[in-house]
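Report on the structure
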Amino acid sequence: MDRESFIENATKIKDAILKIGGSVTAFEIGEPTTGQQINHIQNLYQTDLPEDFIDFCTSVSGAVNISWSLFNSKGREINEGLHFVKKLCPIYSGAMNWNIESYLSETERNIYSNPCNDPELIGKLHLFDVPNGDMVMFDLSVKGSQKPVVYLKHDEICVPPLQLAPNFELYIKNLLAVGLVGSEWDQIAYFIDQEKQCIDPTLPSAQEWRQAIGLC
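Reference entry: report on the structure contained in this document. Source: prediction; values computed, not measured.

A separate point is the sheet that holds strand E2 (residues 63-69). Ordered in space as E1-E2-E3, the three strands form an open sheet in which the pairing is antiparallel. In this open sheet, the two edge strands, each paired with only one partner strand, are strand E1 (23-29) and strand E3 (93-99). Strand-to-strand twist across the sheet, computed as the mean angle between neighbouring axes with direction ignored, equals 10°. Taken together, the seven bridges between E2 and E3 define a ladder with antiparallel strand orientation. Looking at the pairing, Ile-66 lines up with Met-96 of E3.

Time to look at the nonpolar core. Membership of the largest hydrophobic core comes to 59 residues, with the highest contact counts inside it found for Phe-6, Trp-98, Leu-164, Phe-168, Tyr-171, Phe-191 and Trp-209. The dominant element in this core, judged by the number of residues it contributes, is helix H6 (residues 168-178), at six residues. Once you skip the residues sitting within four places of it in the chain, Phe-6 turns out to touch Met-1, Ile-29, Phe-56, Val-60, Val-64, Ile-66, Met-96, Ile-172 and Leu-176. Listed in part, the five residues of the second largest apolar core include Leu-121, Met-137, Val-150 and Leu-152.

This part takes up the packing of aromatic side chains. Geometry of an aromatic ring pair is reported as the spacing of the ring centres plus the angle between the planes. Evaluated as defined, the whole model comprises 17 aromatic pairs. Ring centres of Phe-6 and Phe-56 lie 5.2 Å apart, and the angle between their planes is 85°; on these two criteria the pair is classed as edge-to-face. Placement of the pair is Phe-6 in helix H1 (residues 3-19) and Phe-56 in helix H3 (residues 51-59), with a sequence separation of 50 residues. Owing to a relative accessible area of 7%, Phe-56 belongs among the buried residues under this scheme.

So, on to H6. Taken as a whole, H6 has its buried residues at Phe-168, Tyr-171, Ile-172, Asn-174, Leu-175, Leu-176 and Val-178. Backbone nitrogen of Glu-169 and a side-chain oxygen of the N-cap are separated by 3.3 Å at the start of H6; the cap is Asn-167. Positive backbone phi, at 110°, marks Gly-179, one or two positions downstream of H6.

About the thresholds
Residues numbered from 1 in each chain as written. Predicted model: local features only at pLDDT ≥ 70, side-chain atom pairs only at ≥ 80, totals over all residues. Heavy atoms only, no water. Pairing = 2+ DSSP bridges. Helix = DSSP H or I, 4+ residues; strand = E, 2+ residues; numbered from the N terminus. Axes fitted to C-alpha atoms, helices over the stretch in contact; angles between N-to-C directions. Core = buried A, V, L, I, M, F, W, Y, C linked by side-chain atoms within 4.5 Å. Buried < 20%, exposed > 50% of the residue type's maximum accessible area, 1.4 Å probe, protein only. Contact = heavy atoms within 4.5 Å. Phe/Tyr/Trp six-rings, centres within 6.5 Å; stacked < 30°, edge-to-face > 60°. Polar contact = N/O pair within 3.5 Å; in protein donor to acceptor, adjacent residues only side chain to side chain.

Printed below as a string of structure tokens:
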């Protein structure tokens, strides 16, 4: 995905949310980063970043912060019309955020090098925090130049993370295709194909959601 396509797809979602009465709380798409900065980060961590993540950061954006919410009567109305939504877990927000410069901080390096006695954190590289305290991460322990994007729940210690996509490129592509829902698991789970272990925009729930917010 090139920069123009990414901005175009993200803008369509922003406009759709605003049109139905939701709020867009952040919409920031930074400039691409440099290969020099990527090399510096890889030297700091003594590991290679996922190849498709590098491609995205150097050609599309090194920092993305997009979020929206439907905490209003229109949001309740939309959720009441979705057959796949449970009453206690409606679709209420969406978020996508990371910043390549965050890897320069000592805090980020400590998350990677000191897995806090949780074996499930070993070999995981933090991508971004979920508002409820969970984390979205890269699983660097998997062989290959592209790495799975996984979801780690903060209240389930020593429990294997849940896969969102087999690689970063597919994570971004499919997350935009379903309408940028989540990032909490109770929302994004409706759009995960359990067999593929991947966000899947072809699922009936994804098609229904997109139709509900006017993206179809």
